[in-house]
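Topology and contacts: notes
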Amino acid sequence: MLARYRILLPVISLALLLCLTFWMQPRAMSYFGLNLLFNLAVPIALATIAQMMIIMVNDIDLSLGAFVSLVACVTATWLNDAPLIGVLILLALIASYAAMGAVIHTLELPAIVVTLGMSFVWGGLALFLLPTPGGASPGWIRALMTVKPPLIPMAVVAAILIAALTHILVIRSKIGTVLRGIGGNTRSIARAGWNVTALKATAYGLSGLFGVLAGMALVGLTTSADANIALRYTLLSIAGVILGGGEFTGGKVSPVGAVIGALTLTLAASFLSFLRLSPDWQIGAQGAILILVLTARLLFSRKGAAT
Amino acid sequence: MSDLERTPVVALRDAAKHFGPVKALNGVSLSVAPGECLGLVGHNGAGKSTLVNLVNGTFPASAGEVTFPDGTEGVRSVFQELSLCPNLSVAENLSIAHPDLKGFGWRGPARAEILASLDQVFPNHGIDPDTEVDQLTIAERQMVEIAIGFAPRGGVARLVILDEPTSSLDEGIARQLLSHVKAFCAAGGAVIFISHMLGEIFDVSSRIVVLKDGLVVADRPAAEFDRQGLVDAMGHVAAEGPQTETTRAALGEVVIRAEGLEARRGEIVGLSGLAGHGQAAALARLYLAQTSDWRAGRGIRAVFVAGDRPRDGVLPLWSILRNMSVSVLGRDAKSGLVDTGAERRLAEDWKKRIGIRTSDLTNPILSLSGGNQQKVLFARALASDATVIVMDDPMRGVDVGTKQDVYAIVRAEAAKGRTFLWYSTETEEVCQCDRVFVFRNGEISAELTGDEITEEKILEASFEMQEAS
């Protein structure tokens, strides 16, 4: 029952915010307007999915922002200048994420500590690659991110695609079900004969994959990179997962919700600009929106439990 | 005996398991043949769970050997503590233990298989395979787990180990399980059945093995045992027949009146009825109403004894001592700091009074067997000053001897003026109460006192009249 309603609140929050935005700024209600509102949401949505893969197995990733920044730097330098080496570097980054998952599980280390430590490693590597902002986006990524499909803007198409694909991967497929099972009860998965280390590595590897996609998408939009370009993604992605109906523990996640959560967070920033709120207050106001939605969710779930 | 002619499903030869200095299992030889239902009894800490874990391969034996002449294929376990993934649906939980369900379209077969198995073991179960497990009651979860144990899962179940399978099931559902076990064995399957309810053991087993302190002390066909002989072999002398009446203090004033319930000072009030008919929820609401007032200040009025130990009872990372004293830390503190001397005295005192089997109270709580963990939870509650003690089916997985000890303690504490609210799925426990409220469909259907508290009266009130006839 509740699982089906869990998705309602994110949808309602997004719809409400969208209506308010259109009411404040009717010109946003167009192909061009929508694309402008949402195109920065694409990398955030991918990063949110990456974070969700980790939260799904009861861990949390504090290195995601630094990782996405590093990927952006690799994309703007190596992938542009020497595509083959660039691809190899990105694959190695995904593999190191998977290895990180395996290490966290086998040594029983707290993920929060390991990922916090790794965030400095990623940050250092990014600075090493690009000490000053620069680089250039590979042409094909730029083309992909600025494509103009008929009727529906690219940002919306991308969001729908990401949501649909990850829904199949996480909710419908067998491997996704087992991975969610790890979040629910690791012992029972181990007793059923699964190799939990391999599964955790898979979850982290998927997270790394979506982190790489997020970094590439970001460079496609910004056309250049900087070692600190995506640092705020760490907290944005956690907020997006929670806003989308996910929970910190117990393997309760929703990929569609996570994408909607990322869209809501992006829209909230634009909405606050439309309100002519000073940027100094915007982060606080974003936090207030988050608290508001979470309070609503708590009230709903209390009500659901009472009936 | 025909058992000797058939190859056993599993055979243990001098199997032993040591956890450091603790000898959980001390050289056990036994075998289980197809078509046999082996009843395994013994009091808490006798080594039953260790034996099960050797058979299902959770850990290897320290000495001796465990052999499966036809391989480990089809050996299933249903564990004592619930071990489903609460965030997944019933069908998804089955698919995790089913290697053949993969690729596209695995959901349909998973749904069909778990439904078929549930229908077979528990006719009229009313469980939807698409429900998430955390939306089910604890009895329904247990039913799902048992059904997964018996489901084919791409092969055939040859040996099913049931560790306290009926501890959270009510009597009607437990009977369905017992008859399924009999049918399963008649069709050539083997079952290891562990239970503290001796009636069930006699009902289903063809052979009974008694464990005591990690050793097999008796291994005979069930027909050669009688109830008293079995209890004696286990090493606890349980009082049979009606309880000797202790002098009861005159009941005092009403201390709780809520939800249609009423409890007086010094009274033991039972909540009964079939599992999942609202008793546990009513109990939780009563308890929270007693304790959740943040303006109430210091001094607690009510304490809670959990039956679902991993979920609401033990603090798994803490020692036995800490687990016991957590309820009185505020009371015994000296200017805000824990008084370790008083803490230790209190714990040693309760260890003696309630008989916790451990050499050292600073051992982690998880080193104790389930029944002894439960004793710690009792000690935690009774050590406080609370006048109301709320018990949520606290005897789940507790052996006969411990139960008798606890009954005596509850009686003595009630005589001192404490009020007990006791939810139980077992009629025997409910008969210990002064007054019983029977629940049906979330409402109180009967209030019984004194001599009215009998199994027939409770059952009559638990079932709708048309179902009872």
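Residues numbered from 1 in each chain as written. Chains lettered and ligands numbered in written order. Predicted model: local features only at pLDDT ≥ 70, side-chain atom pairs only at ≥ 80, totals over all residues.

Observations concerning the overall build of chain B
Stated precisely, the cut-off is as follows: Each helix is a run of H or I in the DSSP string that is no shorter than four residues. Each strand is a run of E no shorter than two, and both are numbered from the N terminus. Whether a residue is buried, exposed or partly exposed is read from the other C-beta atoms within 10 Å of its own C-beta, which are placed from the backbone; 20 or more gives buried, 12 or fewer gives exposed, and intermediate counts give partly exposed. We call two residues in contact when their backbone-placed C-beta atoms lie within 7 Å.
Helix and strand counts for chain B stand at 17 helices and 17 strands. Sorting the 469 residues of chain B into buried and exposed places 47% on the buried side. In chain B, once contacts between residues fewer than 6 apart in sequence are set aside, the share between residues at least 24 apart is 70%.

A look at the environment of N228 of chain A
Residue and element names in this part refer to chain A. Note that N228 resides in the loop between α12 (196-222) and α13 (233-243). Given 16 C-beta atoms within a 10 Å radius, N228 is considered partly exposed. With 104 residues separating them along the chain, N228 and G124 place their C-alpha atoms 10 Å apart.

Some points on the packing of helix α5 (residues 64-81) of chain A against α13 of chain A
All names here are of chain A. Spelled out, the test is: Axis angles are defined between N-to-C directions and span 0 to 180 degrees, where every axis is a line fitted to C-alpha atoms and, for a helix, only to the segment in contact. Throughout this description, any angle smaller than 35 degrees is read as roughly parallel, any larger than 145 degrees as roughly antiparallel, any in the 65 to 115 degree range as roughly perpendicular, and the remainder as oblique.
Where α5 meets α13, the axes come as close as 6 Å, and the angle between the chain directions of the two elements is 120°. By the angle between their directions, the pair α5 and α13 is classed as oblique. Across from L64, G65 and V68 in α5, the residues of α13 making contact are Y233, T234 and S237.

Here we look at unusual backbone geometry
Look at T223 of chain A: it is not a glycine, yet its phi comes out positive at around 65°. Assignment of secondary structure puts T223 of chain A in the loop between α12 and α13. By the C-beta count within 10 Å, which is 14 here, T223 of chain A ends up partly exposed. Residues other than glycine seldom take positive phi values, yet D14 of chain B does so here, at roughly 50°.

Quick look at the confidence of the model for chain B
Residue and element names in this part refer to chain B. Spelled out, the test is: pLDDT measures the predictor's confidence residue by residue and takes values from 0 up to 100.
Confidence in the prediction of chain B, expressed as mean pLDDT, is 81, and 89% of residues score 70 or more. The least confident element of chain B is helix α17 (residues 465-468), whose mean pLDDT is 39; the most confident is strand β7 (residues 190-194), at 92. Here residues 236-247 is a poorly scored stretch, pLDDT under 50, and it has 11 contacts once near neighbours within four places are set aside; other chains count. Here residues 465-469 scores under 50 on pLDDT; set against residues more than four positions off or in separate chains, the count is 2 contacts.

Quick word on the interface of chain B and chain A
We count it as follows: Asp, Glu, Lys and Arg are counted as charged, while Ala, Val, Leu, Ile, Met, Phe, Trp, Tyr, Cys and Pro are counted as nonpolar; the rest, among them Gly, fall into the polar class.
Listed per partner, the contact involves 15 residues of chain B and 19 residues of chain A. Classifying every residue of the side of chain B that touches chain A gives 8 nonpolar, 4 polar and 3 charged.

Let's talk about the nonpolar core
In a soluble, globular protein the nonpolar side chains are often hidden away together inside. Short version of the rule: Nonpolar cores are built from buried Ala, Val, Leu, Ile, Met, Phe, Trp, Tyr and Cys residues. These are joined into a set through C-beta atoms within 7 Å.
Grouped together as the largest cluster of nonpolar side chains are 169 residues, with contacts concentrated most on A45, L46 and A159 of chain A together with V191 and F193 of chain B. Top contributing element to this core by residue count: α12 of chain A, with 14 residues. One finds A302, V303, I354 and A383 of chain B within the second-largest nonpolar core, a separate group that totals 53 residues.

Examining the domain arrangement of chain B
The line we're drawing: All the domain ranges listed were derived from an automatic or database domain assignment.
With domains assigned, chain B is organised as domain 1 (2-234) and domain 2 (254-468). A straight line from the C-alpha centre of domain 1 of chain B to that of domain 2 of chain B covers 29 Å.

Some remarks on the sheet that holds strand β14 (residues 388-392) of chain B
Residues and elements named next belong to chain B. Using the following cut-off: Strand pairing is assigned whenever DSSP detects at least two bridges linking the two strands.
Ordered by their spatial adjacency, 6 strands build an open sheet running β13-β14-β15-β12-β16-β17, and the pairing between neighbours is mixed. The two strands at the open ends of the sheet, each matched to only one other strand, are β13 (302-305) and β17 (443-449). Geometrically, the sheet is characterised by an average inter-axis angle of 20° between neighbouring strands, direction not taken into account. Looking at chain direction, strand β12 (residues 268-273) and strand β16 (residues 435-440) are connected through 5 bridges and run parallel. Bridge pairing links L271 to F437 in β16. Along the sheet face, helix α8 (residues 279-291) touches β12, β13, β14, β15 (419-423) and β16 and points at about 150° away from the line of β14.

Remarks on the pairing of strand β11 (residues 261-264) of chain B
Residues and elements named next belong to chain B. Summarising the sheet, strand β10 (residues 254-258) and β11 pair through 4 bridges and their orientation is antiparallel. The residue of β11 that forms the bridge with I256 is A263. What sits between β10 and β11 in their antiparallel hairpin is a turn of 2 residues, with E259 showing a positive phi close to 60°.

Quick notes on the sheet that holds β7 of chain B
Residue and element names in this part refer to chain B. The strand order across the open sheet formed by 6 strands is β5-β6-β7-β3-β8-β9, and the pairing between neighbours is mixed. Strands at the two margins of the open sheet, each flanked by one partner only, are β5 (75-78) and β9 (215-221). Across the sheet, the mean angle separating the axes of adjacent strands is 15° when strand polarity is ignored. For strand β3 (residues 37-41) and strand β8 (residues 207-212), the ladder comprises 4 bridges, and the chain directions are parallel. In the sheet register, V41 faces β8, and the bridge partner there is V210. Packed on one face of the sheet, helix α1 (residues 48-55) meets β3, β5, β6 (159-163), β7 and β8 and runs near 155° to β6. Against the sheet, helix α5 (residues 171-186) engages β3 and β7, with an angle of about 150° to β7.

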